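So you can see what is in the structure, the chains are spelled out below.
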Amino acid sequence: AVAAEAGGGTLGARAGRSAVTVLRAAMCGLVKGLRVIPGTLLLTPTHLYFAPDADEALASNALERLWPLVGLRELHARRYLLRASALELVFDSGQTFFLHLVSAAARCRMQAALYARPLPALAPGHSRVVEPGGSVPRQEAARWTRQWRERQISTFDYLARVNSLAQRTPNDLTQYPVFPWVLSNYESEDLDLSDPANFRDLSRPVGALLDDSHSTLRENYALLAEQWQSEGHEGGAFKPFHYGSHYSSMAIVLFYLLRVEPFTTAALQLQDGVFDLSDRLFHSVAATWDHCARSTNDVKELIPEMYYSCAHLRNDNGFEFGGRQDGARVDDVLLPPWAKDCPHEFTRQMRAALESEPVSQRLHLWLDLVFGVKQRGQAAVEALNVFHGTYDSAEDLGLIEDPFERERTVQQVLQFGQTPPQLFSSPHPPRAAGPSIERALGAIAQVRAGLRGSSAEKNLPDASAVAGALQSRKGGGCEVLALLRGAEGRRLLALDARLETHSWAWSSGAAGAAGELGALDVTGVSLPWAACRVRRSAAQHLASLADGPSAPVGSQGFVAVCGPPAAYGLAVWAIGRSHADHNFTLLAGHPGARVTCVAATEDGSSFVSGSDDCTAVVWTMELTTKSWHFHRRLCAHHLPVTCVAAHRDLDVVLSGSLDGACAVHALQSGRFLRALCHPRALPLRACAVSGDGIAALCAEGGLIALFG
């Protein structure tokens, strides 16, 4: 019997549950950082249900979870602690879950049962073939390699995809995604990304960057090889290696992410409840690079966060990390001089370096070392690239009968890390010459920002200019109530006092200059913003449109508008291509309250409304009927909400208030994520979030604060 709370996600014990058919059941563990919550996974016709064991639920307050199958977007077979027995679930809400089943056979049966369900949200091209043993998807890897070589995707996206194909995931700290150090200059005031001297040699492992270390590495390897040949495993000898540590391990991940939860808690658990010695913590980017580049004992690479986030560089939570032997306190991470003491600038420069031409020309050499032909075998020996950490598929934990040997192997994985499976069996091809993808992506981002960002409104003509254009073209003056730009950016829509809509071709001005109105369009046959009349019945609702906030929603002619509480409060105005296509839908999300702000997601599938009732409401569009529905209410403020913003890909909603506080919620689940506070604690008038996760809060007086 299964019953779900409204909104899904967790279950609570309730009386009078109705019976639900169970199609497949399996014992499993839900992996959450260092914890593995034992329980049972049940597959029903419409949901996946995880029920923690009773003892675990009592001891750690573990919650039941219910996941609707209609939202399952990706399903991946994974390895966990050297067993091909794990499943990773990715939902359209952006949430991911990592489940460890008792055996590879149990994982295959559950995966096959899931693939037998409709799964309407499954990503296009996602294979429904169950691969026993978690085989390496080399054919899919070749497809992504071709796209990267042809510069159809960025280097960051390619590295993220390669890590995923090699079964490395943020849900498993022992197999966290690995990214390379690409820069070698962390000392200068300025950074020239066109100068190859500022970049690391990607053809060598981190521990072999200095020529002086090569002879020592070869001598140590030869000595260990001799011991292994004479004594073997029974004599206590180790298989020969160049490095006693690994470039990626649980300890390395927690080293970089120490300042953000839940990694802070995981690091404390790993250190018996206390932080490591201050001198061993991540305190300086330059010092960390210098130590890795000069040592054969510390050969750590980077994590993806170094190229897209700056939260792990700041001690926003105020943790006490103590002082170093030189007397310096460990707080925020010390940044290179070229970052100008700004974490956002550091992240921007790091990402630019990753997408730069010097890296594009040589990244294939690093891929050979980590995921390719120089990862193991004689090629790895010659490349000084053999590690003490466990190699994927070298041992199957399920085949080890001796419990002590099995525990030793597990501890080796936990402490020394794992080398990923060999994804490329031949040398990785270099990137083809051509225009850089980062410039193309930057241009796309600028266009999108220009269409939907507040900066675009500066180029719009004022209402008097449009009224003059109407007078000259229509033979009579008329007050303009509202100006809206079509989401495709090439049309300007005006609503006049006669409740008529007019559409022009629009040419945006450059560098802040005013744009130009083209010819009046009267047909609008293939345009979302057509020139047509609005029903007179909408007059009472639209009369106050000029006085209330409004926001275009997507590119299909929807506009969310706010009006007086006595009239309608909040509505969606659908502007069709003909008179019959217009409609004005009232949305009852803030009864009796004044709606103060609205904002749509970048894809137009959802929008958020804020109100003086101190709440924000998320609305979603049903794709088949194009109708809007209440999704969930967000409650985090004790003063009226003054501004909202939302981003579908990032799965976040921002809501700002009069006290300068901004609440960040998950768009789909409504889960509270964090609070942002404007340093001046002034009333917030606007908020925004970029695609790379930068939040901007604008308070009274135009004071803007950025958060990463």
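Predicted model only: the values in this text are computed from it and were never measured.

Caption draft 1: Main features of the sheet that holds strand β19 (residues 595-600). One open sheet accounts for four strands, arranged β19-β20-β21-β22; its pairing is antiparallel. The sheet is open, and its two edges are formed by β19 and β22 (627-635), each paired on a single side. Averaged over all pairs of adjacent strands, the angle between their axes in this sheet comes to 25 degrees, without regard to strand direction. As defined by bridge partners, strand β21 (residues 615-622) adjoins β22 across eight bridges and the pair is classed as antiparallel. For valine 618, the partnering residue across the bridge sits in β22 and is arginine 632.

Caption draft 2: Representation of the environment of aspartate 603 in the model. Relative to the assigned elements, aspartate 603 resides in the loop between β19 and β20 (606-611). Residue aspartate 603 is classed as partly exposed on the basis of its relative accessible area of 41%.

Caption draft 3: Spotlight on the sheet that holds strand β24 (residues 652-657). Sheet architecture is open: four strands sit in the order β23-β24-β25-β26, paired in antiparallel fashion. Pairing within the sheet leaves two strands with one partner each, and these edge strands are β23 (641-647) and β26 (672-677). Ignoring which end each strand starts from, the neighbouring axes of this sheet average 20 degrees apart. Pairing analysis gives six bridges linking β23 to β24, with the strands arranged antiparallel. By the bridge assignment for β24, alanine 645 is matched with leucine 654.

Caption draft 4: Structural view of the side chain of glutamine 668. Take glutamine 668: it is sitting in the loop between β25 (661-666) and β26. Apart from the residues lying within four places of it in its own chain, the contact partners of glutamine 668 are Ser93, His631, Arg632, Arg648 and Asp651.

Caption draft 5: Spotlight on the packing of helix α3 (residues 138-149) against helix α4 (residues 155-165). The contact between α3 and α4 brings their axes to 10 Å, and the two run at 170 degrees. When the interaxial angle is binned, α3 and α4 end up roughly antiparallel. Between α3 and α4, the residues in contact are Glu140, Ala141, Trp144, Thr145 and Trp148 and Thr155, Tyr158, Arg161 and Leu165, respectively. Across the contact of α3 with α4, the residue classes break down as five nonpolar, two polar and two charged.

Caption draft 6: Examining the confidence of the model for the chain more closely. Of the residues in the chain, 74% have a pLDDT of 70 or more, and the chain-wide mean is 79. The element-level mean pLDDT for the chain is lowest in helix α14 (residues 454-457), coming to 34, with helix α10 (residues 357-370) highest at 96. In this model, residues 437-463 is a region of pLDDT below 50 whose contacts with residues beyond four sequence positions or in other chains number 37 contacts. Per-residue pLDDT stays below 50 along residues 473-477; that stretch engages in eleven contacts with residues further than four places along the chain or on separate chains.

Caption draft 7: Looking closely at the pattern of salt bridges. Enumeration according to the criterion identifies 21 salt bridges in this entry. The partner of glutamate 355 in a salt bridge is arginine 351, with the nearest N and O atoms 3.7 Å apart.

Caption draft 8: Quick look at α10. In this model, α10 (14 residues) spans 21 Å end to end at C-alpha, consistent with the 20 Å of a helix rising 1.5 Å per residue. Remark: the principal bend of α10, roughly 45 degrees, maps to leucine 363. Most of α10 is tucked away, with ten of its 14 residues classed as buried. When α10 is considered as a whole, its buried residues turn out to be Pro358, Val359, Ser360, Leu363, His364, Trp366, Leu367, Asp368, Leu369 and Val370. Elements in contact with the buried residues of α10: α3, α4 and α9 (343-354).

Caption draft 9: Broad picture of the packing of aromatic side chains. Counted by the stated rule, this structure contains 25 aromatic pairs. Aromatic side chains phenylalanine 319 and phenylalanine 321 sit 6.1 Å apart centroid to centroid with 50 degrees between the ring planes, which places their arrangement in the tilted category. Aromatic ring contacts, followed pair by pair, group Trp181, Tyr186, Trp289, Trp338 and Phe346 into a single cluster. Stacked on the ring of phenylalanine 156, the Lys or Arg arginine 351 has its end atom at 4.2 Å from the ring centre.

Caption draft 10: How the structure looks around the nonpolar core. The biggest cluster of nonpolar side chains holds 84 residues, and the ones touching the most others in it are Leu183, Tyr186, Tyr307, Phe346, Met350, Trp366 and Phe371. The residues contacting phenylalanine 346, other than those within four sequence positions of it, are Val285, Met306, Leu313, Leu335, Pro336, Trp338 and Ala339. Membership of the second largest hydrophobic core comes to 26 residues, among which are Ala26, Ile37, Phe91 and Met110.

Caption draft 11: Main features of the packing of α4 against α10. Between α4 and α10, the shortest axis-to-axis distance is 12 Å and the interhelical angle comes to 10 degrees. In terms of orientation, α4 and α10 fall into the roughly parallel class. Crossing angle aside, the handedness with which α4 passes α10 is right-handed. For the pair α4 and α10, the contacting residues are Thr155, Tyr158, Leu159 and Val162 in the first and Ser360, Leu363, Trp366 and Leu367 in the second.

Caption draft 12: Here's a closer look at the pairing of β20. Summarising burial for β20: six of the six residues are buried, a large majority. Neither face of β20 is open: one carries Ser606, Val608 and Gly610, the other Phe607, Ser609 and Ser611, and all of them are buried. Bridge count for β19 against β20 is five bridges, and the pairing is antiparallel. Looking across to β20, one finds that cysteine 597 is bridged to glycine 610. Linking β19 back to β20 in an antiparallel pair, the connection comprises five residues, with glycine 604 at a positive phi of about 75 degrees. Examined bridge by bridge, β20 and β21 share five bridges and lie antiparallel to one another. Counted as the bridge partner of valine 608 is valine 618 from β21. Connecting β20 to the next strand, β21, in antiparallel fashion are three residues, including cysteine 614 with a positive phi near 75 degrees.

The rules behind each value
Residues numbered from 1 in each chain as written. Predicted model: local features only at pLDDT ≥ 70, side-chain atom pairs only at ≥ 80, totals over all residues. Heavy atoms only, no water. Pairing = 2+ DSSP bridges. Helix = DSSP H or I, 4+ residues; strand = E, 2+ residues; numbered from the N terminus. Axes fitted to C-alpha atoms, helices over the stretch in contact; angles between N-to-C directions. Buried < 20%, exposed > 50% of the residue type's maximum accessible area, 1.4 Å probe, protein only. Contact = heavy atoms within 4.5 Å. Parallel < 35°, antiparallel > 145°, perpendicular 65-115°, else oblique. Nonpolar A, V, L, I, M, F, W, Y, C, P; charged D, E, K, R; others polar. pLDDT = per-residue confidence, 0-100. Salt bridge = Lys/Arg side-chain N within 4 Å of Asp/Glu carboxyl O. Expected span 1.5 Å × (residues − 1). Bend = angle between axes of the 7 residues up to and from the residue. Phe/Tyr/Trp six-rings, centres within 6.5 Å; stacked < 30°, edge-to-face > 60°. Lys NZ or Arg CZ within 6 Å of the ring centre and 35° of its normal. Core = buried A, V, L, I, M, F, W, Y, C linked by side-chain atoms within 4.5 Å. Left-handed = near helix turned anticlockwise from the far one by under 90°.

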